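Structural features, examined
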There are 2 protein chains.
Amino acid sequence: MVNMKASVRFEPEGRKVSVDIGCTLLEASAQAGVRIRSECGGKGICGKCRVIIVESQKIAEISRNEREILSPTELGRGYRLACCTKVMGDLVVFVPSQSRIVIRRIQAEGIERPVKLEPAIKKYHLVLPKPTLQDIRPDFERVETALKQKGFKTIEIERNLLSELPEVLRRAEWNVTVTILDGRQIISVEEGNTENMAYGFAVDIGTSKIVGYLVDLVSGNLLSIKSMENPQIAYGEDVISRINCTLTRTNALNELQKAVIKAINQLILDACLDANVKPEEIYEIVVVGNTAMHHIFLGIQPRGLVFAPYVPAIKRSINVKADSLKLKANKNAYIHVLPVIAGFVGADAIADVLATGIYEMDDVSLLMDVGTNGEIFVGNRYDLVCCSCAAGPAFEGMHIEFGMKAVTGAIEKIKINPHTYDVEYEVIGKAKPIGICGSGIIDAVAELFRCGIIDNTGKFKKDIKTKRLRMIGGVPKFVVAWKSESGINTHITISQKDIQEILLAKAAMHAGAEILMREKELSEKDLAHVYVAGGFGRYINPKSAVIIGLIPDVPIEKISFVGNTAISGAKMALISTEIRKTAEKLSEKIRYIELMAHPDFRKEFISSLFIPHRNPNKYRSISRALGGC
Amino acid sequence: MVNMKASVRFEPEGRKVSVDIGCTLLEASAQAGVRIRSECGGKGICGKCRVIIVESQKIAEISRNEREILSPTELGRGYRLACCTKVMGDLVVFVPSQSRIVIRRIQAEGIERPVKLEPAIKKYHLVLPKPTLQDIRPDFERVETALKQKGFKTIEIERNLLSELPEVLRRAEWNVTVTILDGRQIISVEEGNTENMAYGFAVDIGTSKIVGYLVDLVSGNLLSIKSMENPQIAYGEDVISRINCTLTRTNALNELQKAVIKAINQLILDACLDANVKPEEIYEIVVVGNTAMHHIFLGIQPRGLVFAPYVPAIKRSINVKADSLKLKANKNAYIHVLPVIAGFVGADAIADVLATGIYEMDDVSLLMDVGTNGEIFVGNRYDLVCCSCAAGPAFEGMHIEFGMKAVTGAIEKIKINPHTYDVEYEVIGKAKPIGICGSGIIDAVAELFRCGIIDNTGKFKKDIKTKRLRMIGGVPKFVVAWKSESGINTHITISQKDIQEILLAKAAMHAGAEILMREKELSEKDLAHVYVAGGFGRYINPKSAVIIGLIPDVPIEKISFVGNTAISGAKMALISTEIRKTAEKLSEKIRYIELMAHPDFRKEFISSLFIPHRNPNKYRSISRALGGC
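Each chain carries its own residue numbering, running from 1 in the written order of its sequence. Labels are handed out in written order, letters beginning with A for the chains and numbers beginning with 1 for the ligands. Note on the predicted model: pLDDT of at least 70 is required for a residue's local features to be given, and 80 or more for side-chain atom pairs to be given and counted; whole-chain, interface and lining totals, by contrast, use all residues.

**Examining the overall build of chain A**
Of the regular secondary structure elements, chain A holds 16 helices and 27 strands. C-alpha atoms of chain A, sized along the principal axes, occupy 100 × 70 × 45 Å. Relative to its full complement of 629 residues, chain A shows a buried share of 53%. The way it works is that DSSP assigns letters per residue, a run of H or I at least four long becomes a helix, a run of E at least two long becomes a strand, and they are numbered from the N terminus. Residues with at least 20 other C-beta atoms within 10 Å of their own are called buried, those with 12 or fewer are called exposed, and the rest are partly exposed. The C-beta atoms themselves are positioned from the backbone.

**Here's the deal with the sheet that holds strand S16 (residues 365-369) of chain B**
Residues and elements named next belong to chain B. Strands are treated as partners if at least two bridges between them are detected by DSSP. The strand order across the open sheet built from 6 strands is S26-S25-S16-S17-S18-S27, with neighbouring strands paired in mixed fashion. In this open sheet, the two edge strands, each paired with only one partner strand, are strand S26 (559-563) and strand S27 (591-592). Against the sheet, helix H11 (residues 496-519) engages S16, strand S17 (374-379) and strand S18 (384-389), with an angle of about 25 degrees to S17. Remark: residues whose backbone-derived C-beta atoms lie within 7 Å of one another are considered to be in contact. Axis lines are fitted to C-alpha atoms, over the contacting stretch for helices. Their N-to-C directions set the angle, which ranges from 0 to 180 degrees.

**With respect to helix H5 (residues 159-171) of chain B**
All names here are of chain B. A rise of 1.5 Å per residue sets the reference length of H5, with its 13 residues, at 18 Å; its end C-alpha atoms lie 19 Å apart and thus fit the reference within 8%. To get the bend at a given residue, fit one axis to the seven residues ending there, fit another to the seven starting there, and take the angle between those axes. Along H5, the sharpest kink reaches roughly 55 degrees, centred on Leu-165 and followed within four residues by the proline Pro-166. Residues of H5 that are buried: Leu-161, Leu-162, Leu-165, Pro-166 and Leu-169. Residues of H5 that are buried in the fold lie against helix H4 (139-149), strand S7 (156-157), strand S8 (175-181) and strand S9 (185-191). One less than the number of residues in a helix, times 1.5 Å, gives the span that helix is expected to have.

**Digging into the relation of the copies chain B and chain A**
Note that the two copies of the chain are related through a rotation about an axis and a translation along the same axis. A residue counts toward the fit only if its pLDDT is at least 70 in both copies, and the copies are then superposed by least squares on the C-alpha atoms of those residues. Between chain B and chain A, the superposition needs a rotation of 180 degrees and an axial shift of 0.2 Å, giving an RMSD of 0.2 Å. As the rotation angle and translation indicate, the two copies are arranged about a two-fold axis. When C-alpha positions in chain B are compared against the rotation axis, the closest is assigned to Ser324(B), at 5.9 Å. Residue by residue, 100% of the interface of chain B is reproduced at the interface of chain A, so both copies engage with the same surface.

**Looking at the interface of chain B and chain A**
For an interface, size is often stated in terms of accessible area lost upon the parts coming together. With 37 residues of chain B at the interface, the matching set in chain A holds 37 residues. In terms of residues, the side of chain B that touches chain A owes the most to one element, H5(B), which gives 7 residues.

**Things to note about the sheet that holds strand S6 (residues 121-127) of chain A**
All names here are of chain A. Taking strand neighbours across the sheet as the criterion, the 4 strands line up as S6-S8-S9-S7 in an open arrangement whose pairing is mixed. Because the sheet does not close on itself, it has two edges, and the strands there are S6 and strand S7 (156-157). Here S7 runs beside strand S9 (residues 185-191); their pairing, made up of 2 bridges, is parallel. Bridged to Glu-156 within S9 is Gln-185. Packed on one face of the sheet, helix H5 (residues 159-171) meets S7, strand S8 (175-181) and S9 and runs near 30 degrees to S9.

**Digging into the pairing of strand S19 (residues 410-416) of chain B**
Residue and element names in this part refer to chain B. A large share of S19 lies buried, amounting to 5 of its 7 residues. Strand direction decides the pairing type here: S19 and strand S21 (residues 435-436), joined by 2 bridges, are parallel. Residue Ile-411 lies in a different strand from S21, and its bridge partner there is Ile-436. Linking S19 back to strand S20 (residues 423-427) in an antiparallel pair, the connection comprises 6 residues, with Tyr-421 at a positive phi of about 60 degrees.

**Here's the deal with helix H7 (residues 252-275) of chain A**
Residue and element names in this part refer to chain A. A rise of 1.5 Å per residue sets the reference length of H7, with its 24 residues, at 34 Å; its end C-alpha atoms lie 35 Å apart and thus fit the reference within 8%. What H7 keeps buried is the set Leu-253, Leu-256, Gln-257, Val-260, Ala-263, Ile-264, Leu-267, Ile-268, Ala-271 and Cys-272. Buried residues in H7 make contact with strand S10 (199-205), strand S11 (209-216), strand S12 (222-229), helix H6 (239-248), strand S13 (282-289) and helix H8 (291-298). Asn-276 lies just past H7 and shows a positive phi near 55 degrees.

**Thoughts on the domain arrangement of chain A**
Partitioning chain A into domains gives domain 1 (5-99), domain 2 (121-191), domain 3 (202-347) and domain 4 (394-501). A straight line from the C-alpha centre of domain 1 of chain A to that of domain 4 of chain A covers 29 Å. Boundary definitions for the domains trace back to an automatic or database domain assignment.

**As for unusual backbone geometry**
Residue and element names in this part refer to chain A. Residue Ala-308 is joined to Pro-309 through a cis peptide bond whose omega torsion reads 0 degrees. If you trace the backbone, Pro-309 turns up in the loop between H8 and strand S14 (318-321). Residue Pro-612 follows Ile-611 across a cis peptide bond; omega there is -15 degrees. Here Pro-612 lies in the loop between helix H15 (601-608) and helix H16 (620-626). Despite not being glycine, Asp-182 has its phi angle at roughly 55 degrees, a positive value. By the secondary structure assignment, Asp-182 is in the loop between S8 and S9.

**Details of the environment of Leu626(A)**
On the secondary structure map, Leu626(A) appears in helix H16. In this structure the C-alpha to C-alpha distance between Leu626(A) and Cys451(A), which are 175 residues apart in sequence, comes to 8.9 Å.

**Structural notes on the environment of Val562(B)**
Relative to the assigned elements, Val562(B) resides in strand S26. In sequence terms Val562(B) and Asp369(B) are 193 residues apart; their C-alpha atoms lie 9.5 Å from each other.

**A look at the environment of Tyr531(B)**
All names here are of chain B. Here Tyr-531 shows up in strand S25 (residues 529-533). Here the alpha-carbon distance between Tyr-531 and Ser-587, two residues 56 residues apart in the chain, equals 19 Å. With residues near it in sequence (within four places) discarded, Tyr-531 still touches Thr-356, Ile-358, Ser-365, Leu-367, Ser-560 and Val-562.

**A word on the confidence of the model for chain A**
The pLDDT score gives, residue by residue, the confidence of the prediction method on a 0 to 100 scale. Per-residue confidence for chain A gives a mean pLDDT of 91, with 97% of residues at or over 70. The complex prediction reports pTM at 0.80, with the ipTM value standing at 0.79.

Written as structure tokens, this is what we have:
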């Protein structure tokens, strides 16, 4: 069969692309560079990829999934799901703003502790004696001797450098700068003195976003921060969808790997442009990411991560040549990938531990990295335990009717008047609201509880008199923003189901923390610090987080929102080999508790489903503050 | 300009090839797989590439070089030099047998000492416990633990194996065989038990020929020997021509490297076919070769080797992945290249030392590897000195009017009747003689001297009465084979110039040996053993070699012709890591004497130009045997 082509135009941009007949509109949009939301990874389940067919030569029939998800009115107005609609001929498609992935408020930075500058690579300027009949040392051994005089012991050299060494040395008239990795491997030989030009790049590959730091390895200074959406989102918004892709579709692992590498290369180029650095002056790259991102980045089949008992392919740190993964850097640059702890506690979590420094403290800390997958640590310098919990993507706005990521148009803060039940809210980008992001949803649930609109099981109370609480489609919903205020021509609400989603997510996090504390025979009052990490953490109202019972009941001043500590931990590892050794030790030493196998987890999870908790004694400050409310 | 093509047919094979207009017939012949001799590397100097144009559409003008080398008769009969003749249109070319590289008598084997079997790679069969919720060790750490139970300490794994590890382990149901390199690196993970299938390949890259051994690494047994001409011969017959190629022509280094790798791959495939082994079951390859071949094989610019002070790019041994050089073997097989000593004392010479074992003896040995470039060692377990001497290619038949390599049609043994001056000779392949190879030439000079036809300076004596000694073209020549006996329709002779070439070559070797003995304050009588290595060595008549003064005057029984010890030394290194350590130590320890910088060399060289030597006391046995002759 010959592949037939069709032309698809995406409005309002007017981007046009020629695609194979039979591909989906979601695939076509990716080719056109138009970014359409897809939380289910194109399975026709999430309904986020609604598009409107404006003109069509020929169009595929409406699928069963579309009939289930789209209302007859929507279908009548030309709405379709981009992932379900196959291109059968030329088309013009309108992509509404709710269906778009828009510029996100990215919390790229995290707290960082000062470390001694001792990067894995260092440059040395050498002025070598020329060979004579009395001094016939080979080229390499000539370089080696000069380095041994500087205190090096064993010296090795990349084979591709050896190939060109005779020419480089002679062209440079024996005046060169060598770059040494790990105190023994020559990875670059440059003409003249370039000792002051040595750069490194740190990367955090998040499921949703990728952040990169360009760092001067001579001074340790941060030169540029760049970040972007993880383009793998086109293959599913969570790691499980992406891993499933690799299991069901040939070559998907390779495509996912290529996508992330292309993105990192873009960050490198952007950062280099910013700082007037050449990519070939980047001699080392440190990478962190959750275990799934880690495996996919390295091209390792992540199969083990989706089937019990969820084992990764490898724990320890990995060094590979940047070239072997086609990363843009010096041709002999290396990538150091920090170790992981378990299938769902990755190198990013190790970086969190490094950046917060909880492994060095005498005091006990609780560290929670809140995200689709939550990672939790409890302990101090003597012992750390950790677990992961599938908090679900509710905190990132997913599985919530009007949920969305923290991008323009998202309601991020909510306050309810306990007397009038009136709502004040703040919107990212000062735009008309089109949905609610994680921090807004946490605020909403906390405020609904504080104002007595919902009870401690999250149920709307029947006796509340406000027009904001209404039945819509048979379901009780609380109106946060009226249709007249919103940018999507409909009320923006929080439904009973939305509240349940949030409670499920917070219960998972809380139960995880509780199990870890119990493992160490500790309680809330033993916690000297609570660190909440994750890009979205900085915008959460800590009080709301305590009220809903996401964070244990500790004084607010003990809670620190530390931001994206994954990237700051990666930067620390980039400039310090000591930190890498620490990371390796931590990956060995930190005890992983598998919640699924823990006898108390289920019970604790159910208790945590209450607001703030089934046991009011665990949240005495809340009970006191709210009184009988 | 558009590249125009022309068709060239080579007779008598009838091989046809389409080539770019403007390429030479020598280049066209290489493309057609027709192997034409070229000792000067296509410079129009050696005159060995004579071909006859049978039919031509259009033909390039006769060049000045061709007018100098070819006689008017030859030119009249359509003779041209293939390297000087550009293809201007379709052609039919006849390649006479003298101009062909023919199947050579290859002395592929050398003596070898037994070594303890301890190869760098070893296979281990592992039956691993499956992961459970109680045992969530990652895949790699699961393998690592099993190996640590077998006594391993640090274990690493190739990244490409790590990528597929999760799938292989599960497909194999946790029953696998791992291949470990150097006791720490996993280079292969195979399903089931394949412990008994582990092979290695040893290669000697000679300037003229390449020899390969396929070895069973479980038993240490040699399974197959394969050898072939070094296809780089098309770029020049000696290393200097080939290196010059790389300096004058872009990409020539790459072409030379590709040519040798293609040849080695052919040897691997042939040997595997022979022994019913799969190339992917070859896990390690050991390579030796002279320093130029070593550099070119590794793609290292050999520039330093042709300019004083002749320094190599590197001395020490090198490990590279077979895959990076595109050698056919297991995808993670490694290549171990033995160390070199100096620009003209290569890894093959180290292998000679290993195979003869002179580095372990209390007695003093002289080791001479006779070839275009000679390598000489003197010493014992306490101290070894070495040098290289540009003996020139006379011993391989080059620069000798009727000289040729030891291939079919070469006169390899000569005996002259001291009374009648009649000649008896033996021809390789029992063919009609077409030339004389090295051993034949040594015999000829020794016999001419023994019979008093030449004096001790190599000059023909004026008073010898035989029709075999005659002036041809104004030059005195001795007829070895009459025109009527020969296969080339002309007398096969030894000229005054030929004798001078041999004397220059033998003087270089002898002077080198003499300087080394002097360096160690030794004389001939201190030598317990004289080892003569090199593929051609086995066919030399030792008496002739002593008579002409190539080998010092020692009792014949002390002389051993040890054959191709380069390949046998390589095999020893393949099956023994101890031998590799020894090689590394030898490369550091053996003292290299640069003859060019030695104050006595010139004088000793001139003394050695006499037959057997200017000082008769150095060859008392010869003086005694020949009396006043």
